[in-house]
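Structural overview for review
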Amino acid sequence: MSKRLLILEDGTIFEGEALGANLDVTGELVFNTGMTGYQESITDQSYNGQILTFTYPIVGNYGVNRDDYESIHPTCKAVVVHEAARRPSNWRMQMSFDEFLKSKNIPGITGVDTRAITKIVREHGTMKASLVQARDEVDHQMSQLQATVLPTNQVETSSTATAYPSPNTGRKVVVVDFGLKHSILRELSKRECNLTVVPYNTSAKEILEMEPDGVMLTNGPGDPTDVPEAIEMIKEVQGKIPIFGICLGHQLFSLANGATTYKMKFGHRGFNHAVREVATGRIDFTSQNHGYAVSSENLPEDLMITHVEINDNSVEGVRHKYFPAFSVQFHPDAAPGPHDASYLFDDFMDLMDNFKK
Amino acid sequence: MPKRNDIKKIMIIGSGPIIIGQAAEFDYAGTQACLALKEEGYEVVLVNSNPATIMTDREIADTVYIEPITLEFVSKILRKERPDALLPTLGGQTGLNMAMELSKTGILEELNVELLGTKLSAIDQAEDRELFKELCESINEPLCASDIATTVEEAINIADKIGYPIIVRPAFTMGGTGGGICDTEEELREIVANGLKLSPVTQCLIEESIAGYKEIEYEVMRDSADNAIVVCNMENFDPVGVHTGDSIVFAPSQTLSDNEYQMLRDASLNIIRALKIEGGCNVQLALDPNSYEYRVIEVNPRVSRSSALASKATGYPIAKMSAKIAIGMTLDEIINPVTNKTYAMFEPALDYVVAKIARFPFDKFENGDRHLGTQMKATGEVMAIGRNIEESLLKAVRSLEIGVFHNEMTEAIEADDEKLYEKMVKTQDDRLFYVSEAIRRGIPIEEIADLTKIDIFFLDKLLYIVEIENQLKVNIFEPELLKTAKKNGFSDREIAKLWNVTPEEVRRRRQENKIIPVYKMVDTCAAEFESSTPYFYSTYEWENESKRSDKEKIIVLGSGPIRIGQGVEFDYATVHCVKAIQALGKEAIVINSNPETVSTDFSISDKLYFEPLTFEDVMNVIDLEEPLGVIVQFGGQTAINLAEPLSKAGVKILGTQVEDLDRAEDRDLFEKALQDLDIPQPPGATATNEEEAVANANKIGYPVLIRPSFVLGGRAMEIINNEKDLRDYMNRAVKASPEHPVLVDSYLQGQECEVDAICDGKEVLLPGIMEHIERAGVHSGDSMAVYPPQNLSQAIIDTIVDYTKRLAIGLNCIGMMNIQFVIYEEQVYVIEVNPRASRTVPFLSKVTNIPMAQLATQMILGENLKDLGYEAGLAPTPDMVHVKAPVFSFTKLAKVDSLLGPEMKSTGEAMGSDVTLEKALYKSFEAAKLHMADYGSVLFTVADEDKEETLALAKDFAEIGYSLVATAGTAAFLKENGLYVREVEKLAGGEDEEGTLVEDIRQGRVQAVVNTMGNTRASLTTATDGFRIRQEAISRGIPLFTSLDTVAAILKVMQSRSFTTKNI
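Residues numbered from 1 in each chain as written. Chains lettered and ligands numbered in written order. Predicted model: local features only at pLDDT ≥ 70, side-chain atom pairs only at ≥ 80, totals over all residues. Heavy atoms only, no water.

This is how it is decided: UniProt positions are given in the numbering used here, feature names are shortened, and annotations may be inferred rather than shown by experiment.
Under UniProt, the name given to chain B is Carbamoyl phosphate synthase large chain, and the source organism is Lactococcus lactis subsp. cremoris. The UniProt entry for chain B carries the following comment under Sequence similarities: "Belongs to the CarB family."

Under the annotation held in UniProt, chain A carries the name Carbamoyl phosphate synthase small chain and is attributed to Lactococcus lactis subsp. cremoris. The UniProt entry for chain A carries the following comment under Subunit: "Composed of two chains; the small (or glutamine) chain promotes the hydrolysis of glutamine to ammonia, which is used by the large (or ammonia) chain to synthesize carbamoyl phosphate. Tetramer of heterodimers (alpha,beta)4." Annotation of chain A in UniProt includes, under Sequence similarities, the sentence "Belongs to the CarA family."

Examining the pattern of salt bridges
Oppositely charged side chains are able to pair whenever their charged atoms sit close together. The test is simple: Within this document, salt bridges are pairs made up of a side-chain nitrogen of Lys or Arg and a carboxyl oxygen of Asp or Glu, the two lying within 4 Å of each other. Secondary structure follows DSSP: runs of H or I at least 4 residues long count as helices, runs of E at least 2 residues long count as strands, and numbering of each begins at the N terminus. Note on exposure labels: buried denotes an accessible area under 20% of the residue type's maximum, exposed denotes more than 50%, and partly exposed covers the range between, all computed with a 1.4 Å probe on protein chains only.
Within this structure, the stated rule accounts for 99 salt bridges over all chains. For B:Glu59, the salt bridge goes to B:Lys579, with nearest N and O atoms at 3.3 Å. Of the two residues, B:Glu59 is situated in the loop between β2 (43-47) and β3 (63-65) and B:Lys579 in helix α21 (residues 568-583); the sequence distance between them amounts to 520 residues. For B:Arg507, the salt bridge is made with B:Asp623, and the minimal N-O distance between the two is 2.9 Å. In this pair, B:Arg507 sits in helix α20 (residues 503-512) while B:Asp623 sits in helix α22 (residues 615-625), placing the two residues 116 residues apart along the sequence. Assessed through its relative accessible area of 14%, B:Arg507 is described here as buried. Residues joined by salt bridges that share partners form a network here, namely A:Asp113, A:Arg115, A:Lys119, B:Asp351, B:Arg387, B:Lys520, B:Asp523, B:Glu541, B:Glu543 and B:Glu545.

Quick notes on the domain arrangement of chain B
Heads up, the rule is: Residue ranges labeled as domains rest on an automatic or database domain assignment.
Examined at the domain level, chain B breaks down into domain 1 (9-123), domain 2 (145-209), domain 3 (385-515), domain 4 (663-886) and domain 5 (932-1057). A straight line from the C-alpha centre of domain 2 of chain B to that of domain 4 of chain B covers 47 Å.

Points about α21(B)
Since the α-helix packs 3.6 residues into each turn, any two residues three or four apart lie on the same face. Residues and elements named next belong to chain B. The cut-off we apply is this: One less than the number of residues in a helix, times 1.5 Å, gives the span that helix is expected to have.
For α21, spanning 16 residues, the distance from its first C-alpha to its last is 23 Å, which sits close to the expected 22 Å at 1.5 Å a residue. Here α21 lies mainly inside the structure; 13 of its 16 residues are buried. Just beyond α21, the residue with positive phi is Gly585, at close to 80°.

Examining the domain arrangement of chain A
All names here are of chain A. Cut-off, in case you're wondering: By the convention used here, residues are in contact when the closest approach between their heavy atoms is within 4.5 Å. The buried area of a pairing is the accessible area, by a 1.4 Å probe, that goes missing from both parts when the two are put together, added over both. Nitrogen and oxygen atoms within 3.5 Å of one another constitute a polar contact, given that in protein one can donate a hydrogen and the other can accept it, and given that sequence-neighbouring residues count only through two side-chain atoms. Residue type decides the class: Asp, Glu, Lys and Arg count as charged, Ala, Val, Leu, Ile, Met, Phe, Trp, Tyr, Cys and Pro as nonpolar, and the leftover types, Gly among them, as polar.
Domain boundaries in chain A define domain 1 (3-150) and domain 2 (155-356). The centre of domain 1, based on its C-alpha atoms, is set 27 Å off from the matching centre of domain 2. In this assembly, 29 residues from domain 1 lie in contact with 22 residues from domain 2. Here domain 1 packs against domain 2, burying approximately 1900 Å² in sum over the two surfaces, 46% of which is carbon and sulfur. Sorting the residues of domain 1 by area buried against domain 2 places Gln45, Ser46 and Glu70 first, and these three jointly supply 29% of that buried surface. Across the salt bridge formed by Glu70 and Arg186, the nearest N and O atoms sit 3.1 Å from each other. At the surface where domain 1 touches domain 2, the tally comes to 15 residue pairs in polar contact (both at pLDDT 80 or more). Within the residue set of the side of domain 1 that touches domain 2, elements represented by two or more residues are β3 (25-32), α1 (38-42) and α3 (114-124). Residues of the side of domain 1 that touches domain 2, tallied by class, amount to seven nonpolar, 15 polar and seven charged.

Dropping the structure here:
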């Protein structure tokens, strides 16, 4: 097996074996603590441009199946695992983890100390890293890495370019795609919503002309301040149409109302984050994938915090005091992760119905 | 919600003596719970009849009662202590059943005692199959098609509706006792009849079989605010059908996609929310490997063996959190003690794989039925942690201490194909080794998956191990391959075998190539948060996280998996040793492989290495930690056996030195030592073949006690009366050779007693002498023991004290030793010396109030008795009488003979203390659940040589109103001597049980059975008859006595409880 190197911005180099597609890449190094759900995670567009490390040491145990895609063309840069299962087993399995990575043109590295990598990221914060073939020019690769400026147009590259419908018989919902996970569509479809998925830069005017019952702001990759057009759109739509934001959608909704966001040290990526609903005290385990968060300081008067993470007290959800609009940082759509918070989709349905009345 | 202030005093019920299905895990749970409640400021009262536990130490609870867990005694304690509340969910099924019983009698209401934790109604709902079925139907959780039967006929009707194969599960029994899978109506009749008898509510569940489904467990917790979490899920290597306690188990689940994982998580949380569990709970599920179909198997509404495993596997202390939930705290306000930063409302993320393998007693019970089913048979278990399946599995395999160092077993290698296939299909305790062998023989894993229903994912891991073996064989000394082998859990010893070199050579090459393990932390959160848990496992990776401190440190070796002969007593001693080291300001480091115990709670020691107790694994830790030395005296034979190799490798053994350990353990050296010290021992000799054994026996004179050298718990030990039997033994039981000689000793049928001594090298302290009730011939671990001795003359006591001093000094003991004596014709002989802490240490420590293991540790670390204020010699005896009674698990083990002999058979012990011997005996019998009815019939069927003695006992039974029943020979003898006896027919080897004593037993016409076999090898008919009688008594729960000494003891109790009724 050919050797690959994972070169970290801080100078640490891990040597391992090649996995998946054969290409050199550079991206932001992050880790995910889920013990299952690698297929959903890799195909989650929020990992756009990132090198994804799995803390669970054996990945690929149940292979990859036709159902668990969160996007058709994943844009995650690379994956880092301790061990990739060579003989996956599951009744739904179509192909192995390695075959899947190759088919999606995603390179990977296996046989590295993922726990050590996780600790480095935890201590130094997310950093740039390169995954390259093992060659003699490590110094060169290091200086290249240091010189690389990571792109800020992740949403553009993850979002759909043109609008498309996903018809059903119920409420009409416009889904603004910032890099959406299919599971959001599945949850809405389960509730019979008649969907139109639109690109991230769709204007308020275009949306209002569709006269939807609600607008769903999806998850997506990167820094929310890199998507100013969406912020403008939200400002105009809110109050006129009920809004539900998830993940990046939540951050954009908050920004549109005057809140600020910040980059977290190493983010929340995993699905054991306990989140408290402030009003009821109810605690749910949530699926999360974000590197930015809404700041609780200087929160505008119009917004109230509805959810907080119980350990670091970060803002996990807000609601507009005057408009029918709310958003959460986590993924009530799960996939991967617990279904504890799926009730929020029902809340969204109620919100739309009440607004009509 | 903050903790409750309206209650101050809480009573906890422990789980009593250790039996299969209810073992050391409840000492761990109970100890954690007591400490957690004390930490929150409550006064804790504890009741537990098992002295061999940490939880019954004075420091653990405020008030400790070592009394029988029976309605009579627990009620008494409740009235005396008047606690505000009772916490019953931490003492296993025993604690729960006791609470139910108390609740039914109304005493809790009367005394206004509140039940904490999960409500009894919820427990009922979880454990009563009908109620549970209703609940599951109401929340749409699928159960197997099933129905409750209260009679055999009902069971047959239900089975006809569902279709065979059928699973039978009796309600409210421990470890699935009495359950089984039936393919035919005949089998169903038998199992249901027995199950109904064993079920306290006379109910059996007759259930659809889902053989081949994956077995998955979720360990969940819920608090009063309805917060609910999954601590850990686990996947069984063995599909549904094998009790999860007996299965090989991996954590977390391995072959479940996120969809499946979350579906079963939803189901588990759905169930505990519906049950309104407050505390820990275990949910067992079965998942179809070919669809999303699943079934809920069962729920344990309390902490369990699985929760102990999950706690050790994740670091999340379930029992401690359960106790805090019980007093009203909620998960989102309790700090996670692992990170000390996050809250307990947290679902642990693992970044390693945990493997658990059960330890079975079949090395002791060679005739036992080794087939695995719904009835748990394991006595203990090992756990190992690694970064992949191969590593954790192989580490677990070599932790088992069953003579294997790899997933390779001689019996499997030698098996023909026919046997191999049978062993794969009909699951037994050693299936892993046969499946591995099948792969070595080139049988495709697809075929094996088809036969065994083991997931091909796991089989491929075994295949990979075999592939590495094959590569190693042809690539000697290749460093990259060596690294691969180590990353996949191979032991140096296995690699050495494949390379045909010594393990030392492999170790040397590893070190040369810098292939040495690193240690990773168990932190509940996959390194996402900073932690400081001192809990580590080895693996072959890049970063080492275990940093050596500057403090002086000592390594304490634990005792590995619990097995017959080496039980929780040794964990008790290990924990005390740790405490003593810490008290002296040194760092105590524990190495152990047993997930059930207190010693592997990371908060006990300064550092815990969860590792196999093999030379290689221990040595790797020593290389890193560079301790002052290693203490081997408290980890039973497991630790003692490591003394020599460690010492040879230059490691300092603290306490008694290796050459002196040898002088106690090596037969010849020991004999010489006794001669030098002028201490008599029963005449004996070693033999390396059959003829030599016969010659020696003739010289010594029959009866002789014969056994292989170097064994624990009297394995393969027998008493032999004549040459024919001796020759038979030599051919049947042992493979004697010059390396493995057989010991032939004169068997002196006298009074046995035993002593534990503590020695600082100059002075010797004897905390006490324990007198055995059963005469020599019954293994000391199976004997009842009385302290202080009741029948020994001062002269004998003086001799014992004198011999003990001479032995301790003469064998240069530093620390602890145990000596067994037999007194025959007023002469004291030494039978055996164990140069280490013995199983009586906890019992004796508790009754004498001398912290023996701690004191011995202080000796080991250079203190002396005098400075610590102890006077040499025999410690003064207190006023109370204490009796230790053995407890057996025969109801769980089919085809195991319950006849007591020189081989140890008990799994646990209970204690009774009172002011008189009779009262103490009564309590010990009650605590051991050997309850004798106040009136009724006693059945005698005894060997000829015992008839004379039986007569006296029978007379006394008749005197206090029992009727006598006996088989022909015994009956004739008793009648001749003027007793009224009802004669019953023997079985005489026949199948027909009508009119025989077996029917009598079955019909409940007999309240106790006395059966002895004598020392002469009985005829086959007599032997099988005796066996069937004993089986019948055990399965009916009727007190069975196989030693007349025990009969005399219980007679004494019954006499003391009976009033004389005599006409004038």
